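Architecture and fold: a report
In case you want the letters, here they are:
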Amino acid sequence: GQQLNQSPQSMFIQEGEDVSMNCTSSSIFNTWLWYKQDPGEGPVLLIALYKAGELTSNGRLTAQFGITRKDSFLNISASIPSDVGIYFCAVLEANAGGTSYGKLTFGQGTILTVHP
Amino acid sequence: NAGVMQNPRHLVRRRGQEARLRCSPMKGHSHVYWYRQLPEEGLKFMVYLQKENIIDESGMPKERFSAEFPKEGPSILRIQQVVRGDSAAYFCASSPAKGGRGKQFFGPGTRLTVL
């Protein structure tokens, strides 16, 4: 199956710092997404990207869909303690005809720890 | 504004028993997806269902696992004769339309422990 390489695996930062994480693939995808998972909960969608080169913000979060359609990054500015959690990139797979049919493939996740 | 509901939240089974995991999608959503998450790993797709139809089961193990989404009632993920390797968190997600453009809404998960 498809593999997404997400880095870094973990980050330890001070409150107020900016954070950047990225995700790469050997294949082209037309939809990239970023989810956050809190301990003991399911993932929550943060940002969805549908167009190569697109830059989208959601509050202090900004994500970009790489121009090659093989990568994406997520930035968090001015981190706060509640940003703690696991951040996953994901891509929406398409069938042989190029139609998206709902299967998400996730990266391994970036564990973010924020020290007050 | 109930989100995706899953029950039970925690399930303990002994080897050889059956596990039944339930998922009620968000109101108005007719597409359901099941994912499995092993400790310290990302989520892995298992199956995609629409009412009374399995659309894609390419991520389901060939044996012991089955899923259904009946016309009435929740979606069920059934694991027969569980083994220790089945211990994981199982998440259900739903979307209002096919694929949902990736915007799938996840439930809180069922954590299965096999003794």
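So, a few notes on the structure that sits alongside this text. Owing to the predicted nature of the structure, the values given are computational and were not obtained by experimental measurement.

1. Concerning the sheet that holds strand β1 (residues 4-7) of chain A
Residues and elements named next belong to chain A. With antiparallel pairing, 5 strands are arranged side by side in an open sheet as β1-β3-β8-β7-β6. Lying at the two open borders of the sheet, with one neighbouring strand each, are β1 and β6 (55-58). Each adjacent strand pair in this sheet contributes to an overall mean axis angle of 15°, direction not counted. The sheet contact formed by strand β3 (residues 19-25) and strand β8 (residues 71-76) spans 6 bridges and is antiparallel. Looking at the pairing, Met21 lines up with Leu74 of β8.

2. Considerations on the state of the cysteines
Within this structure, the stated rule accounts for 2 disulfides over all chains. One disulfide bridge connects Cys23 of chain A with Cys89 of chain A, the sulfur atoms lying 1.9 Å from each other. Between Cys23 of chain A and Cys89 of chain A, the S-S torsion sits near 40°, and that sign places the bridge as right-handed. Note that Cys23 of chain A is positioned in strand β3 and Cys89 of chain A in strand β9 (residues 85-94), a separation of 66 residues in sequence. Cys89 of chain A matches Cys23 of chain A in its accessibility class, with the two residues each being buried. Between the sulfur of Cys23 of chain B and that of Cys92 of chain B lies a disulfide, 1.7 Å long from S to S. The sign of the S-S torsion, about -50°, decides the handedness of the disulfide formed by Cys23 of chain B and Cys92 of chain B: left-handed. Of this pair, Cys23 of chain B sits in strand β3 (residues 19-24) while Cys92 of chain B sits in strand β9 (residues 88-95), and the two are 69 residues apart along the sequence.

3. A few points about unusual backbone geometry
The peptide bond linking Ser7 of chain A to Pro8 of chain A adopts the cis configuration, its omega dihedral lying at -5°. Turning to its location among the elements, Pro8 of chain A is positioned in the loop between β1 and β2 (10-14). Here the residue pair Asn7 of chain B and Pro8 of chain B is connected by a cis peptide bond, since its omega of 0° sits within 30 degrees of zero. Along the chain, Pro8 of chain B falls in the loop between β1 (5-7) and β2 (10-13). For Arg69 of chain A, which is not glycine, the phi torsion reads 65° and is therefore positive. You can see Arg69 of chain A is positioned in the loop between β7 (61-65) and β8. Look at Arg69 of chain A and you get partly exposed, because its relative accessible area is 31%. Despite not being glycine, Gln81 of chain B has its phi angle at roughly 45°, a positive value. Mapped onto the elements of the fold, Gln81 of chain B is located in the loop between β8 (75-79) and β9. Its relative accessible area of 53% is what places Gln81 of chain B among the exposed residues.

4. Re the pairing of strand β11 (residues 110-114) of chain B
Residues and elements named next belong to chain B. Going residue by residue along β11, you find Thr110, Leu112 and Val114 tucked away on one face and Arg111 and Thr113 left uncovered on the opposite face. Across 4 bridges, the pairing between β2 and β11 is parallel. Residue Leu11 lies in a different strand from β11, and its bridge partner there is Leu112. Sheet topology places β9 next to β11; 3 bridges connect them, and they run antiparallel.

Conventions used here
- Residues numbered from 1 in each chain as written.
- Chains lettered and ligands numbered in written order.
- Predicted model: local features only at pLDDT ≥ 70, side-chain atom pairs only at ≥ 80, totals over all residues.
- Heavy atoms only, no water.
- Pairing = 2+ DSSP bridges.
- Helix = DSSP H or I, 4+ residues; strand = E, 2+ residues; numbered from the N terminus.
- Axes fitted to C-alpha atoms, helices over the stretch in contact; angles between N-to-C directions.
- Disulfide = S-S within 2.5 Å.
- Buried < 20%, exposed > 50% of the residue type's maximum accessible area, 1.4 Å probe, protein only.

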